[in-house]
Amino acid sequence: MESLPIVRLQGVTKRFDDVCAVDSLDLDIYQGEFLTLLGPSGCGKTTVLRLIAGLETLSAGEISMNGSRLNGTPPNKRNVNTVFQSYALFPHMTVFENIAFGLRLKQSDKQAIRHQVSEALDLVKLSGLENRRPHQLSGGQQQRVAMARAIVNKPQVLLLDEPLSALDYRLRQEMEIELKRVHRQLGITFVFVTHDQEEAISMSDRIAVMNEGRVEQIGTPIKIYEEPENMFVARFVGEINVFDGHVVNVNNGSAVVDIHGQLFPVQNRKKAGTGDKVRVLLRPEDIQVTRDADKNGGPALSGKVDEVIYKGKTVDLVISLDAGETINVTQFFNEDQEDLVYGEGERVHVDWLYGWEVIL
Ligand SMILES: Nc1ncnc2c1ncn2[C@@H]1O[C@H](COP(=O)(O)OP(=O)(O)O)[C@@H](O)[C@H]1O
Ligand SMILES: [Mg+2]
């Protein structure tokens, strides 16, 4: 990521009357990456894409591409295409005509157009369906036509606005893999929008987590999931357990945190000082459950199993701690280790391995 960004947003702001949809947002997008804008509905994701595409005008700030300012450049002069949530196919045109439409506006060489369309059809695995009309295609196939139409003129950047949200679960998973493949084969930059954290985590090189028109954190899926910078990110990208505590001791990169009278060594990335009140965050799968408090030797919190939810690969436990909190724990289910299966009402202790926690 040392190279110059292909698209750079600086102080980008968009107001609609009294709504600030995008609020002085800075974002660098690099050549060839799969970048996802992830955030709840209404946080400004679509508006960011529309600003990059030139379909909205900026209220403030600037967008540049390949080092040149784009402000004022019309959409068709930007080397950018968009796949919309609704696909926006022309219903009366065939698949071929839908894909060729943009090319026909720009060039007249029929042979070249046919060649480019057939390449695009190959890439999205739709060869043979060029004479169908959109209503004769499944949802997944329509989605592929929309993709083919957006890549046929080889844009530098492809913007994808929740392209999978209309598909059912199984098809969506299939298309996630397809989209990744197309991204790899084309080698162009994808800016993908979703409100689905699992989709974002499984597809992206980097994720920008958005909230109220701003970027809360940007990083690899692992960073975003394992080292959230704040509570919004921690909660939005997955389930999280929060323990309140205070720091009793710090040394080098670690700290000792008192949580309900138990002293837990934790990583101290945020450089908390002795006496600071902190929140210790743990994902459900990072918590260990034991029947014996001292089985693992270290500090532990006691509680009772309230619920056991078998999910096939995992067993989820809801545990109410004697000190007050209710926590969620995910255990990987293994039939051979039946002693790890807890029953409702059972007394247990919880702890975790050093380094699995995040401190805020
Ligand atoms: N054309 C518009 N006119 C007025 N308000 C708009 C318009 N487009 C978007 N907004 C508002 O801007 C905010 C961000 O919208 P949007 O970018 O569509 O969010 P997202 O795609 O993350 O759901 C929302 O509050 C939305 O209502
Ligand atoms: Mg949207």
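If you're wondering where the values come from, they're calculated on a predicted model, not measured in any experiment. (Residues numbered from 1 in each chain as written. Chains lettered and ligands numbered in written order. Predicted model: local features only at pLDDT ≥ 70, side-chain atom pairs only at ≥ 80, totals over all residues. Heavy atoms only, no water.)

Chemist: Help me understand the sheet that holds strand β11 (residues 241-251), please; the structure alone is not making it clear to me.
Modeler: By definition, the strands of a sheet pair up through backbone hydrogen bonds, in either a parallel or an antiparallel sense. If you trace the five strands from one edge of the open sheet to the other, you get β13-β12-β11-β14-β20, paired in antiparallel fashion. The open sheet is flanked by β13 (262-267) and β20 (358-359), the only strands paired with a single partner. In terms of strand pairing, β11 meets strand β12 (residues 254-259) through five bridges, oriented antiparallel. Across the sheet, the residue bridging to N249 is V256, located in β12. (Pairing = 2+ DSSP bridges. Helix = DSSP H or I, 4+ residues; strand = E, 2+ residues; numbered from the N terminus.)

Chemist: Please clarify how the site of ligand 1 should be interpreted in this entry.
Modeler: Surrounding ligand 1, one finds F16, V19, A21, P40, S41, G42, C43, G44, K45, T46 and T47. Between an oxygen atom of ligand 1 and a main-chain N or O atom of G44, the distance comes to 3.1 Å. One nitrogen or oxygen atom from the side chain of K45 is found 2.9 Å from an oxygen atom belonging to ligand 1. Secondary structure elements with two or more residues in the shell around ligand 1: β2 (19-29) and α1 (45-53). Top element by residues in the shell around ligand 1 is α1. It accounts for three residues. Tallied by class, the residues present in the shell around ligand 1 amount to five nonpolar, five polar and one charged. (Near = heavy atom within 4 Å. Polar contact = N/O pair within 3.5 Å; in protein donor to acceptor, adjacent residues only side chain to side chain. Nonpolar A, V, L, I, M, F, W, Y, C, P; charged D, E, K, R; others polar.)

Chemist: Sorry, what's going on with unusual backbone geometry here?
Modeler: Only a minority of non-glycine residues have a phi that is not negative, and only a minority of peptide bonds are not trans. If you check the backbone angles, D17 has positive phi at about 45° while not being a glycine. Take D17: it is sitting in the loop between β1 (7-16) and β2. Relative accessible area serves as the criterion here: at 79%, D17 is assigned to the exposed category. Located in the positive-phi region is Y87, a residue other than glycine, with phi close to 70°. (Buried < 20%, exposed > 50% of the residue type's maximum accessible area, 1.4 Å probe, protein only.)

Chemist: Could you clarify how one ought to interpret the pattern of salt bridges in this entry?
Modeler: Pairing between side chains of opposite charge can happen when the charged atoms of each approach one another. Counted according to the given criterion, the structure contains 19 salt bridges. Its salt-bridge partner being R172, residue D196 comes within 2.4 Å of it at the nearest N-O pair. With a gap of 24 residues between them, D196 in the loop between β8 (189-194) and α6 (197-203) and R172 in helix α5 (residues 169-186) connect regions that are remote in the sequence. Ionic pairing is found between K304 and D306, a salt bridge with its closest N-O pair at 3.1 Å. Judged by relative accessible area, which is 34%, K304 ranks as partly exposed. Each of K125, R144, E178 and R181 takes part in a single network of salt bridges with overlapping partners. (Salt bridge = Lys/Arg side-chain N within 4 Å of Asp/Glu carboxyl O.)

Chemist: Sorry, what's going on with the sheet that holds strand β4 (residues 60-65) here?
Modeler: Strand order in the open sheet formed by four strands is β2-β1-β4-β5, with antiparallel pairing between adjacent strands. Since the sheet does not close on itself, it has two edges, and those belong to β2 and β5 (68-69), each with one partner. The sheet contact formed by β1 and β4 spans five bridges and is antiparallel. When the bridges of β4 are listed, T13 appears paired with A60.

Geometric values such as these leave the question of function open.
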